[in-house]
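This is what each chain is made of:
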Amino acid sequence: PHKLVWFRNDLRTGDNHALYHACQNSAEHGVIAVAAITPTQWQMQDEAKCRVQFWLANLEKLKQDLAALNIPLRIIHAETNQELPEQLLNLAQQFNVRSLYFNCEYPEYEQKRDQQVEHLFRQQGIRCHTYDSDVVLPPGSVLNQQGFAYKVFTPFGKAWRQLYLQQPSTPLPSPAALPKRQDDVVIKSASYTENGSENYCDKVPVDIGYKNQMGANWNSAFWPAGADDAHRLLQQFVHERSHNYKQLRDFPAKPGTSSLSPYLSVGVLSTRQCIAAMQAYSEDPDWFYSQWVTELIWRDFYRHLLVAFPGMNRWQPFKPEIEAKISWQYDEKRFRAWCDGETGFDIVDAGMKQLHETGWMHNRVRMISASFLTKLLRQDWRLGARFFMQHLIDGDFASNLGGWQWSASVGADAAPYFRIFSPMRQTDRFDPKAEYISRWLPQSQDGPLFAQNSGRPAPVIDYSLERNRSIDEYKNSSG
Ligand code: FAD
């Protein structure tokens, strides 16, 4: 009999609770791993091409890391989640699997998928074991004094830190250990390509029938696949740059942030490992209270919200009373201009060009761009959120939803309605020499912003007019 570990967005062997527990006392039960290729599902859920490429390349790396532990990886193909439970069960029955292990994913859609699998497996007498490995503290564990989920980040963060420090493993909870090497199993690893010996990384993109051709290709030089490189980049950031994070993180032309989000998104790195790296390599004695750790807590926060307020999973705003008063414009011309980086507002367009060319956008510019679409072009935040997902290499349902609702002032702990980022003012503050802008919009290099003769489009809106309209609308909604 075997134990089966199902990998999803947790493509790592270290600090992987499902894998770790499956490997305990496994002398009589060989451990095998499985991952599912679901092209139509990916498309339905707006997975960006670069993210799929990155996920697949990391899966290949994971296969090697698992091989070092003597654990074979099998690949199953299912077009959508609908066929997935049956396919998984077929594999489980083929290898006489007695128990299934996996780490929870928190969006409702993924939870439903997992419940269907659990139901089917239970009917066949196969036990399922689930773990919280994608967060540092599981949803439902950080509650206010009345026992409810926090709706505002600052008290959440405070409670999160207190709880973290109270955890039993002192001085701090460490990531789960790498499991020990397993006894031999006769099963061989499979590859998702026809020819198992092909190295995916050498020939991107492999045609796996995934038709989302939008956006950038994965840049393997900037984000090399695999845990070894991810940890090297993590250590490098913590050692060399984390002390400057707070000062530099808002300047998009500077390498002030970690750029580790793609690894966190597909689970090659866990947040717990990031925190452990801070503990091990940061020179800041106060590292636990640093801004970078606060950002990692935001990631947990948005996951906790999805579980506590399930309506968010169905694209409902956290604050429907605000959204009810807003009349989104659904103006295709405006939306297209934003998508294409042709609004005539340089910092917005530069951000969209960065997104198109790399699959990533600096956080400050994500905020400016999302605020611009929702509050100045007055387009529905859901359009922007889906567009981001279709293009981001770090596309993450919870963080993206949170970021968009925050920007549109309809989220939990959202930006106040009167905060409308002025693209001009933001440029003055965070890109004063237009370094970021000229990197992504070479046309605007020599001319002043909005120069009509620079080959840049004319501004798509009258800034002051739209700003006032927007403020009026939001003001009425909250008054
Ligand atoms: P760093 O500043 O180095 O932060 C380290 C890590 O903390 C990040 O990798 C990320 O995992 C986490 N983190 C940082 N900021 C946030 C945040 N505000 N919310 C949640 N987690 C955070 N992040 C995604 O991972 N996926 C998304 O799809 C996504 N969509 C966004 C959409 C909008 C409109 C906005 C405003 C923000 C979005 N973010 C998203 C959050 C943030 O922009 C990115 O996490 C960050 O830019 C990634 O760069 P980094 O790895 O250099 O981050």
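Residues numbered from 1 in each chain as written. Predicted model: local features only at pLDDT ≥ 70, side-chain atom pairs only at ≥ 80, totals over all residues.

Looking up the protein chain in an unreviewed UniProt entry gives the name Deoxyribodipyrimidine photo-lyase, with the organism given as Neptunomonas qingdaonensis.

Draft legend 1. Seen up close, the overall build of the protein chain. When helices and strands are counted, the protein chain shows 20 helices and 5 strands. Across its three principal axes, the protein chain shows a C-alpha extent of roughly 70 × 55 × 45 Å. Counting across all 479 residues of the protein chain, residues that qualify as buried make up 43%. The long-range share in the protein chain, meaning contacts at least 24 apart out of those at least 6 apart in sequence, stands at 79%. (Helix = DSSP H or I, 4+ residues; strand = E, 2+ residues; numbered from the N terminus. Buried ≥ 20, exposed ≤ 12 C-beta atoms within 10 Å, placed from the backbone. Contact = placed C-beta atoms within 7 Å.)

Draft legend 2. Spotlight on the domain arrangement of the protein chain. In terms of domain boundaries, the protein chain breaks down into domain 1 (2-133), domain 2 (135-175 + 227-308) and domain 3 (314-478). Measuring from the centre of the C-alpha atoms in domain 2 to the corresponding centre in domain 3 gives 26 Å. Contact residues are listed per partner, giving 16 residues for domain 2 and 18 residues for domain 3. For the side of domain 2 that touches domain 3, the secondary-structure elements that each account for two or more residues are α9 (261-266) and α11 (291-308). No other element matches α11, which puts 5 residues into the side of domain 2 that touches domain 3. Tallied by class, the residues present in the side of domain 2 that touches domain 3 amount to 9 nonpolar, 3 polar and 4 charged. (Domains from an automatic or database assignment. Nonpolar A, V, L, I, M, F, W, Y, C, P; charged D, E, K, R; others polar.)

Draft legend 3. Here's a closer look at the UniProt feature "site: Electron transfer via tryptophanyl radical" (unreviewed entry) in the protein chain. The UniProt record annotates "site: Electron transfer via tryptophanyl radical" (unreviewed entry) at Trp328, Trp381 and Trp404. By the element assignment, Trp381 lies in helix α16 (residues 381-391). If sequence neighbours within four positions are ignored, Trp381 has contacts with Thr374, Trp404, Gln405, Ser407, Ala408 and Val410. When you line up the elements, Trp404 lands in helix α17 (residues 397-407). Those residues in contact with Trp404 that sit more than four places away from it in its chain are Ala370, Trp381, Gly384 and Ala385. (UniProt positions renumbered as here; feature names shortened; annotations may be inferred.)

Draft legend 4. Quick peek at the nonpolar core. By size, the foremost hydrophobic cluster in this structure holds 113 residues, and its most contacted members are Leu4, Val5, Ala33, Phe54, Leu100 and Phe372. Those residues in contact with Ala33, other than ones at most four positions away along the chain, are Val5, Phe7, Leu66, Ile71, Pro72 and Leu73. (Core = buried A, V, L, I, M, F, W, Y, C linked by C-beta atoms within 7 Å.)

Draft legend 5. Up close: helix α4 (residues 84-94). For α4, the complete set of buried residues consists of Leu84, Leu88 and Ala92. With its buried residues spanning 65 degrees around the axis, α4 presents them on a single face. The exposed set on the far side of α4, more than 90 degrees from its buried face, consists of Asn90, Gln93 and Gln94. Buried residues in α4 make contact with β1 (2-7), β2 (30-37), β3 (73-77), β4 (97-103) and α5 (108-123). Looking at the residues trailing α4, positive phi occurs at Asn96, about 50 degrees. (Arc of directions from axis to C-beta.)

Draft legend 6. Broad picture of the site of the ligand. Around the ligand lies a shell of 28 residues, among which Thr257, Ser258, Ser261, Asn400 and Gly403 are the nearest. Counting residues per element, the ones that place at least two in the shell around the ligand are α9, α11, α15 (363-376) and α17. The greatest single-element share of the shell around the ligand, amounting to 6 residues, is contributed by α17. Among the residues making up the shell around the ligand, the classes are represented as 10 nonpolar, 12 polar and 6 charged. Structurally, the shell around the ligand is a two-domain feature, drawing no fewer than three residues from each of domain 2 (135-175 + 227-308) and domain 3 (314-478). (Near = placed C-beta within 6 Å.)

Draft legend 7. Quick peek at helix α14 (residues 346-358). For α14, built from 13 residues, the straight-helix expectation of 18 Å at 1.5 Å per residue is met to within 8% by its first-to-last C-alpha distance of 18 Å. Of all 13 residues making up α14, 10 are buried, and the element is well covered by its neighbours. Buried within α14 we find Asp346, Ile347, Val348, Asp349, Ala350, Gly351, Met352, Gln354, Leu355 and Thr358. Where α14 is buried, its residues meet α13 (332-340), α15, α16, α18 (423-430) and α19 (435-440). Residue Gly359 follows α14 closely and has a positive phi angle near 80 degrees. (Expected span 1.5 Å × (residues − 1).)

Draft legend 8. Fine view of the pairing of β4. Here β4 lies mainly inside the structure; 5 of its 7 residues are buried. In the sheet, β1 pairs with β4 via 4 bridges, with the strands oriented parallel. When the sheet's bridge partners are listed, Lys3 is paired in β4 with Ser99. Across 5 bridges, the pairing between β4 and strand β5 (residues 127-131) is parallel. Considered in β5, the bridge of Leu100 is made with Cys128. Crossover connection from β4 via α5 to parallel β5: handedness right-handed. (Pairing = 2+ DSSP bridges. Right-handed = clockwise from strand over helix to strand, strands pointing away.)

Draft legend 9. Region of interest: the packing of helix α7 (residues 227-241) against helix α10 (residues 271-281). Contact pair α7 / α10: the axes reach a minimum separation of 9 Å and the direction vectors enclose 45 degrees. By the angle class used here, α7 and α10 are oblique. As for the relative orientation of α7 and α10, their crossing is right-handed in sense. Taken together, the residues of α10 that come into contact with α7 (itself represented by Leu234, Gln235, Val238 and His239) are Cys274, Ala277, Met278 and Tyr281. (Axes fitted to C-alpha atoms, helices over the stretch in contact; angles between N-to-C directions. Parallel < 35°, antiparallel > 145°, perpendicular 65-115°, else oblique. Left-handed = near helix turned anticlockwise from the far one by under 90°.)

Draft legend 10. The sheet that holds β4, seen in detail. Taking strand neighbours across the sheet as the criterion, the 5 strands line up as β3-β2-β1-β4-β5 in an open arrangement whose pairing is parallel. Bordering the open sheet on either side are β3 and β5, each of which pairs with just one other strand. The average angle at which neighbouring strand axes cross in this sheet is 25 degrees, direction not considered. Here β1 runs beside β2; their pairing, made up of 6 bridges, is parallel. Bridged to Val5 within β2 is Ala33.

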